[in-house]
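So you can see what is in the structure, the chains are spelled out below.
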Amino acid sequence: MDLSIIVVNYRTYNLTKQTIESVLKRDHPFSYEIFLVDSASGDGSLERLEEYFSKETEQGLIRFISSKENRGFAHANNQALKETDSKYVLLLNSDTVVVDDCLERCIEYMEKDERIGALGCKVLLPDGKLDKACRRSFPTVCVSFYRMTGLSKLFPKSKRFGRYNLTYLDENETYEVDCIMGAFMMVRSNTIEDVGLLDETFFMYGEDIDWCYRIRAGNWKIIYYSDAQIIHYKGGSLNKKEKPKMIYEFYRAMHLFYNKHYKNNYPKTVTFITYLGIWGMYCLKRFINFFK
């Protein structure tokens, strides 16, 4: 098999169906399979998807994996990753739509260089604007500081202050980056064998950045490829009732990432200030969200 596509469903029947259909509607010049992992939705969406795609399941094109509990995005993807035997693996969010020959273009580009460990395409929001998170730098203390203080927004074209989302680079060009986003992440299987699976300590956020960090540390290239596109209905897969938990997981992921990769590189005073910044922003976000 050339490509294994992993889509995680959690109570998003319509979005998940739309995502998978955007893949199925094209005749691809490569062999592929789709793993649909359900994270204990419990709302009937899994059963409805199994019924809707029963034909593709019988053909062996779609494989369903049902989790007994929701243990997060990383855990759900890992369940499928352990079952794959393809040259490439694609993590694809359930709130995305694959545009035209995106998958074919990405595979062709990765075939040109065996040192490309992971590739992300150009991710567009429904209004046509770039989802800035699709190409990033690692959130070092300095990069995060520029982001939290608003300097990255004030000086987006600055190579110093615009590093968080690489806003000083042309979104229509292709280049090597630190991070791509888990909404669309094509990874070489040899790379996964080298660096390991996703870290399940991260529940919803940060697992893609952590994976990219380990991929780069393994001397693999990570590419932002602008000639292929998807549409990202950002936030569509989030349950509004669970928003407080998601806010917590977002800032918890920052804390985990810093502890794992940066804590030993800085004095205790810097670590204390970093923790203060992370959880201070969390409290502010919860405060604003409460009044919204």
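For the structure itself, consult the block above.
Criteria and thresholds
Going along each chain's sequence as written, the residues are numbered from 1 onward. In keeping with the predicted nature of the model, local features appear solely for residues at pLDDT of at least 70, side-chain atom pairs appear and are counted solely at 80 or more, and the whole-chain, interface and lining totals rest on all residues. To get the side-chain values, take all heavy atoms of the structure and skip hydrogens and water. Residue burial is assigned from relative accessible area. The probe radius is 1.4 Å, only protein chains are included, and a residue is buried under 20% of its type maximum, exposed over 50%, and partly exposed in between. Strands are runs of DSSP state E lasting at least 2 residues, helices are runs of H or I lasting at least 4, and numbering of each runs from the N terminus. Paired strands are those between which DSSP finds at least two bridges. The handedness rule is simple: strands pointing away from the viewer, and a clockwise path from the first strand over the helix to the second, make the crossover right-handed. We call a set of buried residues a nonpolar core when its members are Ala, Val, Leu, Ile, Met, Phe, Trp, Tyr or Cys and they connect through side-chain atoms within 4.5 Å of each other. What makes two residues a contact is simply this: any of their non-hydrogen atoms within 4.5 Å. In the cavity and pocket records, a cavity denotes points on a 1 Å grid over the protein atoms alone where a 1.4 Å probe fits but cannot get out, a pocket denotes an open set with protein on both sides within 12 Å along at least 5 of 7 lines, and lining residues are residues with an atom within 4 Å of a point. Grid points are joined across faces, edges and corners, and a volume is the space filled by probe spheres set on the points. Residue classes follow a fixed rule: Ala, Val, Leu, Ile, Met, Phe, Trp, Tyr, Cys and Pro count as nonpolar, while Asp, Glu, Lys and Arg count as charged, and any other residue, Gly among them, counts as polar. With axes taken as lines fitted to C-alpha atoms, and helix axes fitted only over the stretch in contact, angles between N-to-C directions fall between 0 and 180 degrees. In this scheme, roughly parallel covers angles under 35 degrees and roughly antiparallel covers those over 145, while 65 to 115 is roughly perpendicular and the rest are oblique. Surface patches are drawn from residues lacking salt bridges whose relative accessible area is over 30%; two like charges belong together within 9 Å, two nonpolar side chains (Val, Leu, Ile, Met, Phe, Trp, Tyr) within 5 Å. All accessible-area figures derive from a Shrake-Rupley calculation using a 1.4 Å probe, and residue coverage is judged against the displayed protein chains alone. Whenever a carboxyl oxygen of Asp or Glu lies within 4 Å of a side-chain nitrogen of Lys or Arg, that contact is scored as a salt bridge.

Undergrad: Looking at this structure, I do not really get the pairing of strand 1 (residues 3-9). What am I missing?
TA: A regular strand places its side chains so that they alternate between the two faces of the sheet. Taking burial as the measure, the seven residues of strand 1 include seven buried ones, the bulk of the element. The alternating pattern of strand 1 places L3, I5, V7 and N9 and S4, I6 and V8 on opposite faces, both of which are buried. In this sheet, strand 2 (residues 32-38) lies alongside strand 1 in parallel orientation, the contact comprising seven bridges. By the bridge assignment for strand 2, L3 is matched with Y32. Where the polypeptide runs from strand 1 across helix 1 (residues 13-24) and back to strand 2, its parallel neighbour, the crossover connection is right-handed.

Undergrad: Hey, could you run me through helix 9 (residues 207-217) in this one?
TA: Three or four residues apart is the spacing at which side chains of an α-helix point the same way, because the helix has 3.6 residues per turn. In terms of residue burial, helix 9 counts as a mostly covered element, since eight of its 11 residues are buried. Here helix 9 has its buried residues at E207, D208, I209, D210, W211, C212, R214 and I215. Within two residues after helix 9, N219 carries a phi angle of roughly 65°, on the positive side.

Undergrad: For this particular structure, what's the right way to read unusual backbone geometry?
TA: Only a minority of non-glycine residues have a phi that is not negative, and only a minority of peptide bonds are not trans. If you check the backbone angles, A40 has positive phi at about 50° while not being a glycine. Under the relative-accessibility criterion, A40 is labelled partly exposed at 26%. Although it is not a glycine, D100 adopts a positive phi angle of roughly 50°. Positionally, D100 belongs in the loop between strand 5 (96-98) and helix 5 (102-111).

Undergrad: Would you mind going over the nonpolar core with me for this structure?
TA: Soluble globular proteins tend to pack their nonpolar side chains together in the buried interior. Formed by 75 residues in total, the largest nonpolar core has its most connected members in L3, I5, L103, C106, F184, M186 and W211. If you tally residues by element for this core, the top one is strand 9 (residues 221-232), at six residues. Residues within four places of I5 in sequence aside, it is in contact with V23, Y32, E33, I34, F35, L90, L92 and L103.

Undergrad: Even after reading the chapter, I still don't get the layout of surface pockets, so can you show me in this structure?
TA: Rolling a probe over the atoms, with the probe sized like a water molecule, indicates the empty space that remains. Estimated volume of the second largest pocket: approximately 150 Å³. The element contributing the most residues to the lining of the second largest pocket is helix 8 (residues 189-195), with three residues. Tallied by class, the residues present in the lining of the second largest pocket amount to four nonpolar, three polar and two charged.

Undergrad: Would you take a moment to explain empty space enclosed by the protein for this structure?
TA: Here the structure, examined in full by the defined rule, presents one cavity of 30 Å³ or more. Reported here for the largest cavity is a volume of approximately 30 Å³. If you trace the largest cavity, you find it lined by R136, S137, F138, P139, Y164, C179 and I209. Taken together, the residues of the lining of the largest cavity break down into five nonpolar, one polar and one charged.

Undergrad: Even after reading the chapter, I still don't get the packing of helix 10 (residues 243-261) against helix 11 (residues 268-291), so can you show me in this structure?
TA: The interhelical angle for the contact between helix 10 and helix 11, taken along N-to-C directions, is 170°, at an axis separation of 10 Å. Classified by the angle their axes make, helix 10 and helix 11 are roughly antiparallel. Contacts between helix 10 and helix 11 pair K243, P244, I247, Y248, Y251, R252, M254, H255, Y258 and N259 from the former with V270, T271, T274, Y275, I278, W279, M281, Y282, K285, R286 and N289 from the latter. In terms of residue class, the contact of helix 10 with helix 11 is made up of 12 nonpolar, five polar and four charged.

Undergrad: Sorry, what's going on with a nonpolar patch on the surface here?
TA: On the surface, a cluster of nonpolar side chains totalling about 590 Å² of accessible area is made up of L284, F287, I288, F290 and F291. Along the chain, F287 turns up in helix 11.

Undergrad: Quick question: what am I supposed to make of the pairing of strand 8 (residues 184-188) here?
TA: Of all five residues in strand 8, five are buried; the element is thus mostly enclosed. Neither face of strand 8 is left uncovered, since the one carrying F184, M186 and R188 and the one carrying M185 and V187 both have all their residues buried. Judged from the five bridges that link them, strand 4 (residues 88-92) and strand 8 form a sheet pairing that is antiparallel. Across the sheet, residue V89 finds its bridge partner in strand 8, namely V187. One ladder, built from two bridges, connects strand 6 (residues 116-124) with strand 8; its direction is antiparallel. In the sheet register, L119 faces strand 8, and the bridge partner there is M186.

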